[in-house]
Amino acid sequence: MTTSIVTNHKATPIRHLDMPSSQAIHSADVFSRRGKFSHLPCKLNSKQSVETVQLWAKIKNTRTTRTTAFATPNENDEGERSGSHACSDEQVFVPLGNNYSSNDLDEEAADSLPESGSRVFQMVEHSVNLASLLDKLKALHLHVLASEQWNASRLKLCHNNYVESAKNLIHYLALKCLDIEPLKDDLALISVLNLEMVNSSVLASLTTCIELLENLQLNSSRTGKDVSAGISTQGKLYHQKNGNFTINTMRMKACLNRELLLGPLQGSRCTHIMTTVGEEALESETLITDLIKAGTSIIRLNCAHGSPETWSEIIRRVKRSSQMLEAPCRILMDLAGPKLRTDNLKPGPCVVKVSAKKNATGKVIFPAQVWLSHKGAGAPPPHLSPDAVLFIDDENFFTVVKVGDTLRFFDARGKKRMLKISRVFHVFSGTGFMAECTRTAYVSSGTELYIKRKKDRLPVGQVVDVPPRESSIRLRVGDLLIISRDSTCGEDNSYGHVSGGYRITCSSGYLFDAVKPGERIAFDDGKIWGVIKGTTISEIVVSITHAGLRGTKLGSQKSINIPDSNIRFKGVTSKDLVDLEFVKSHADMVGVSFIRDTRDIIVLRQELEERKLQNLGIVLKIETKSGFEKLPLLLLEAMKSSNPLGVMIARGDLAVECGWERLADIQEEILSFCGAAHIPVIWATQVLESLVKSRVPTRAEITDVASGRKASCVMLNKGRHIVEAISTLDNILNSNSRQMKAEVKSLVPSSHLVQESPSSCI
């Protein structure tokens, strides 16, 4: 097979690309912007002939001719099955109205050309060589069409619902395999097409651009040649046979896929909001209702936490609130997957600390707020934010106590302390009181409370059901951490050094079978980093290399990542299969955690087919380096089934696996790939985290949410101020900039002023 370069209408042969015909996936050498060769897998079929067109490449501030190969498939050759993998670019939507198709755009553009087309043509010709630009676009068009034939076998396996989207993804990958930066610059000079905006409809955009430029030539008095033959005819015939590839059709396909998975958007909203909930949702009868009122349209449950009983009650409340508010709300359940986590540490003492706010000199500036109620009354109202919650065993307490009373007690240390009743509230099934405490106290189960009135001291009752404190170990740089396989080892070692190091357990055998000394290891989404110093069959010794200045706490069920190790996980675990039976009857979507390659999707598809779950939505969680690098293949594999499909950017683990500095580019590439495949994206992990936890957002979080508008859905994790965070998120995502438009309007002259004569405006 010979490749030639076309320059000034002369063909110059260049090197042969002889490859064995049995090789399904080949590669091509293309120039990067720095002028160096980069080896990109392009999935070329060695049986097909190749033509090339000369493109310009920018090297520093000069223009240098470079060669890019565009393959032209032979009509008699059949496409071979191959994948596609390429670099990515950011996603932008094509600014066309809903009633436009690419054919309509061609006709309107042709009709709108001015009679003085020669002047327009002269301006374009002055900017770039239009004939050369057309040749490059035609070659690019042929290369995109060829890529579809090269992957014909793979595309035939896709379900009918995804055939057009899968083809567009292949077109996009073929486009991104090439160095098209010089071509972007030339197109920008004449303002015809932005190649960064075509990922959702690659073929239609290229065809429309070519036909517009050819119509410009035809309407120019300078050109007497018939240049409409060739690609223009091929493009029109292609549109006649493949009307499903118009720009408007592709946009409608993306909208349909989003609605099938996430449901229709309500009112004027542009983006769905997903909220993660857990057992805390059962502590308040109104929390789920408040979440939906604030803007939540999807509730997420994590199968790694809780039990089927808890999940059932949460889902029951979601459905009840959704019907009551007449606001659709779907359920997503995440399978736990093969995630590495620390095991549960030994529970701490059943005691709650009550502490007032103090200034730098130790003076109390705001007393601690303590909620008091009977156990059956439930949690405090959502608009309150108490520092502690205490339940009393005697219901008669609430018939005796009143605002202004002082409750006296001895805390767990034997210290005399007081609680002063400040407010009373009527909650769902009883009465609750807010009390103030000005001194630090440790309250445990069994603590007796008394009302102090004049000379009487009335026994009131006892504090009950104080939960155990969450155990953790505080790790500092230089500490040694021993990870044990045996959960019975070191249960009492979580509060201090033992044999020169702290000890935790991890029951997953994958960890101990794969790691090696010298590899990095991270805990709790990268908050703590270390280096593996030694390994045995049952233990791993880690030296901590990164933690907070005062140390960082590591608790139960925290993530463990080994980005340097190639751990071979089982895609769907035995626990996932058990949980899938529950998901089958209760959820609208299932999240598949830690997807790494196509085998994971094949196993999942088999399990869904066995349970006849063709309508269950599938959300691929991209949270590993392998999952990101193989995303196009994962999408094509998932498109073989009819299930509604989506992708979640799980930025916590993804940042640890791929590196923090790459996260911004990675999430943009995922958005771009999914945009080409018309697959909705869920933007997740640490969204407005400071607002959720402390009620005060950071500026970076606000701009991060604004970037999340590119996704179809944004997810918030549970926290103390989750309702307020959802309301803020809803305002940011769905703001329409009306205020800005009103301010700009004052700077623009009104129509009647423009029409009036200059004298009347004096």
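Bear in mind that the values here come from a model prediction, so they are computed numbers and not experimental data.

The rules we used
Going along each chain's sequence as written, the residues are numbered from 1 onward. Restriction of local features to residues with pLDDT of at least 70 applies here, the model being predicted, together with a cutoff of 80 or more for giving and counting side-chain atom pairs; totals for whole chains, interfaces and linings are based on all residues. The side-chain quantities take in all heavy atoms of the structure and omit both hydrogens and water. Strands are runs of DSSP state E lasting at least two residues, helices are runs of H or I lasting at least four, and both sets are numbered from the N terminus onward. Accessibility here uses a 1.4 Å probe with only protein chains present; expressed as a share of the type maximum, an area under 20% marks a residue as buried, one over 50% as exposed, and anything in between as partly exposed. Any Phe, Tyr or Trp ring, taking Trp's six-membered ring, that has another such ring centre within 6.5 Å forms a pair; planes under 30 degrees apart are called stacked, those over 60 apart edge-to-face, and the others tilted. Every axis in this analysis is a line fitted to C-alpha atoms, fitted for helices over the stretch in contact. Angles between the N-to-C directions lie between 0 and 180 degrees. Oblique is the label for every angle not falling under 35 degrees (roughly parallel), over 145 degrees (roughly antiparallel), or within 65 to 115 degrees (roughly perpendicular). Crossings are assigned a handedness: left-handed for a near helix turned anticlockwise from the far helix by less than a right angle, right-handed for a clockwise turn. What makes two residues a contact is simply this: any of their non-hydrogen atoms within 4.5 Å. Classification convention: Asp, Glu, Lys, Arg as charged; Ala, Val, Leu, Ile, Met, Phe, Trp, Tyr, Cys, Pro as nonpolar; all other residues, Gly among them, as polar. Summary of the metric used: pLDDT quantifies the predictor's per-residue confidence within the range 0 to 100. Note that the arc is computed from the directions linking the helix axis to the C-beta atoms. Note on pairing: DSSP must find at least two bridges between two strands before they are called paired. Only buried residues count toward a nonpolar core, which is a set of Ala, Val, Leu, Ile, Met, Phe, Trp, Tyr and Cys residues joined through side-chain atoms within 4.5 Å. Candidates for patches are residues over 30% relative accessible area with no salt bridge; among them, like charges are joined within 9 Å and nonpolar side chains (Val, Leu, Ile, Met, Phe, Trp, Tyr) within 5 Å. Computed with a 1.4 Å probe, the accessible areas rest on the Shrake-Rupley method; for each residue, only the protein chains presented here act as cover. In what follows, salt bridge is the name for a side-chain nitrogen of Lys or Arg lying within 4 Å of a carboxyl oxygen of Asp or Glu. In this tally Asp and Glu are treated as negative and Lys and Arg as positive; neither His nor the chain ends contributes. Just so you know, the charge point we use is NZ for Lys, CZ for Arg, CG for Asp and CD for Glu. Polar contact criterion, stated in full: a pair of N or O atoms within 3.5 Å, where within protein one must be able to donate a hydrogen and the other to accept it, and residues adjacent in sequence count only if both atoms are side-chain atoms.

## Focus on the overall build of the protein
Within the protein, the secondary structure is distributed over 24 helices and 33 strands. For the protein, the proportion of its 762 residues judged to be buried stands at 50%.

## Considering the packing of aromatic side chains
Tallying each qualifying case throughout the model produces three aromatic pairs. Centre to centre, the rings of Tyr172 and Phe673 are 6.3 Å apart; their planes meet at 90°, and the pair counts as edge-to-face. Note that Tyr172 is positioned in helix H5 (residues 163-176) and Phe673 in helix H19 (residues 663-676), a separation of 501 residues in sequence. Each member of the pair, Tyr172 as well as Phe673, carries the same accessibility label: buried. Relative to Phe425, the ring of Trp371 lies with its centre 6.0 Å away and its plane at 45°, an arrangement referred to as tilted. With Trp371 in strand S13 (residues 368-374) and Phe425 in strand S16 (residues 416-427), this pair connects stretches of sequence that are 54 residues apart. The same class applies to Trp371 and to Phe425, which are both buried.

## Section: the packing of helix H15 (residues 598-610) against helix H17 (residues 631-638)
Relative to each other, H15 and H17 sit at 20°, their axes nearing to 9 Å. Regarding the angle of H15 to H17, the classification is roughly parallel. The handedness of the crossing between H15 and H17 is right-handed. Contact with H15, carried on its side by Thr598, Ile601, Ile602 and Arg605, involves Leu633, Leu634, Glu637 and Ala638 of H17 and no other residues of that element. Grouping the constituent residues of the contact of H15 with H17 by class yields five nonpolar, one polar and two charged.

## Overview of the confidence of the model for the protein
Put simply, the protein has an average pLDDT of 76, and 73% of its residues get 70 or more. Between residues 752-762, whose pLDDT stays under 50, and residues either more than four places distant or in other chains, the model counts three contacts.

## Let's talk about helix H18 (residues 651-658)
Of all the eight residues making up H18, eight are buried; the element is thus mostly covered by neighbouring parts of the structure. Every buried residue of H18 is accounted for by Arg651, Gly652, Asp653, Leu654, Ala655, Val656, Glu657 and Cys658. Immediately beyond the C-terminal end of H18, within one or two residues, lies Gly659, with a positive phi of roughly 105°.

## A closer look at helix H21 (residues 699-707)
All of the buried residues along H21 are Glu701, Asp704 and Val705. The buried residues of H21 occupy one face: seen down the axis, they fall within an arc of 100°. Of the exposed residues in H21, those oriented more than 90 degrees away from the buried face are Arg699, Ala700 and Thr703.

## Examining the pairing of strand S31 (residues 645-650)
When you tally the buried positions in S31, you get six out of six residues, the bulk of the element. Burial of the side chains of S31 extends over both faces: Leu645, Val647 and Ile649 are buried on one face and Gly646, Met648 and Ala650 on the other. Looking at chain direction, S31 and strand S32 (residues 681-684) are connected through four bridges and run parallel. In the sheet register, Ile649 faces S32, and the bridge partner there is Trp683.

## Points about the sheet that holds strand S28 (residues 560-561)
A sheet is described by the order of its strands in space; here six strands give the open sequence S23-S22-S26-S25-S24-S28, paired in mixed fashion. Every other strand in the sheet has two partners, leaving strand S23 (502-505) and S28 as the edge strands with one partner each. Judged from the four bridges that link them, strand S22 (residues 480-484) and S23 form a sheet pairing that is parallel. Directly across from Leu481, in S23, lies its bridge partner Tyr502.

## Brief notes about the nonpolar core
Judged by nonpolar contacts, the single largest core of 103 residues is most densely connected at Met333 and Ile670. Excluding residues that lie within four positions of it along the chain, Ile670 makes contacts with Ile622, Phe628, Leu631, Val647, Ile649 and Leu654.

## Focus on the packing of H18 against H19
Interaxial distance between H18 and H19 falls to 10 Å at its minimum, and their mutual angle equals 120°. Taken together, the axes of H18 and H19 are oblique relative to one another. For the pair H18 and H19, the crossing hand works out as right-handed. On H19, the residues that touch Arg651, Leu654, Ala655 and Cys658 of H18 are Leu663, Ile666, Gln667 and Ile670. Of the residues assigned to the contact of H18 with H19, the class counts are six nonpolar, one polar and one charged.

## Section: the environment of Val354
Along the polypeptide, Val354 turns up in strand S10 (residues 351-354). In the structure, Val354 is positioned 86 residues away from Thr440 in sequence and 5.5 Å away in space, judged by C-alpha atoms. Residues within four places of Val354 in sequence aside, it is in contact with Ala368, Val370, Ala388, Cys437, Arg439, Thr440, Ala441 and Val443.

## Some details on the sheet that holds strand S29 (residues 589-592)
Read around the barrel, eight strands follow the order S7-S8-S9-S29-S30-S31-S32-S33 and close on themselves; strand pairing throughout is parallel. Between one strand axis and the next, the sheet turns through 25° on average, direction left out of account.

## Things to note about a positive patch on the surface
Side chains of Lys353, Lys358, Lys415, Arg439, Arg469, Arg474, Arg476, Arg550 and Lys553 sit close together on the surface and give a patch of like positive charge. Mapped onto the fold, Lys353 is located in strand S10. The exposure class assigned to Lys353 is partly exposed, which follows from its relative accessible area of 40%.

## Considerations on the side chain of Asn561
By secondary structure assignment, the location of Asn561 is in strand S28. Of note is the side chain of Asn561, whose polar atom sits 3.1 Å from the side chain of Asp653. Among the polar contacts made by the side chain of Asn561, one reaches the side chain of Glu657 at a distance of 3.4 Å. Excluding residues within four positions of it along the chain, Asn561 makes contact with Arg520, Ile521, Ala522, Asp653, Val656 and Glu657.

## Considerations on the environment of Phe569
Examined against the element boundaries, Phe569 turns out to sit in the loop between S28 and helix H14 (574-586). Taking the C-alpha atoms as reference, Phe569 lies 9.1 Å from Gly337; in sequence the two are 232 residues apart.

## Re unusual backbone geometry
With a phi angle near 55°, Asp465 is a residue other than glycine that sits in the positive phi range. Overall, Asp465 belongs to the partly exposed group, its relative accessible area being 47%. A positive phi angle is found at Phe594, which is not glycine, with a value near 55°. Within the fold, Phe594 resides in the loop between S29 and H15. Given the relative accessible area of 5%, Phe594 is considered buried.

## Brief notes about the environment of Ala638
Secondary-structure assignment places Ala638 in helix H17. For Ala638, a relative accessible area of 7% translates into the label buried. Through-space distance from the C-alpha of Ala638 to that of Ile601 is 6.5 Å; in sequence the pair is 37 residues apart. Not counting chain neighbours up to four residues away, the residues in contact with Ala638 comprise Ile601, Leu620 and Leu645.

## Overview of the pattern of salt bridges
As enumerated under the stated definition, the model contains 27 salt bridges in all. A salt bridge links Asp564 to Arg520; its shortest N-O distance comes to 3.0 Å. Note that Asp564 is positioned in the loop between S28 and H14 and Arg520 in strand S24 (residues 520-523), a separation of 44 residues in sequence. By relative accessible area, which is 39% here, Asp564 ends up partly exposed. Several salt bridges share partner residues, and in doing so they unite Glu285, Glu313, Arg316, Arg317 and Arg320 into one network.

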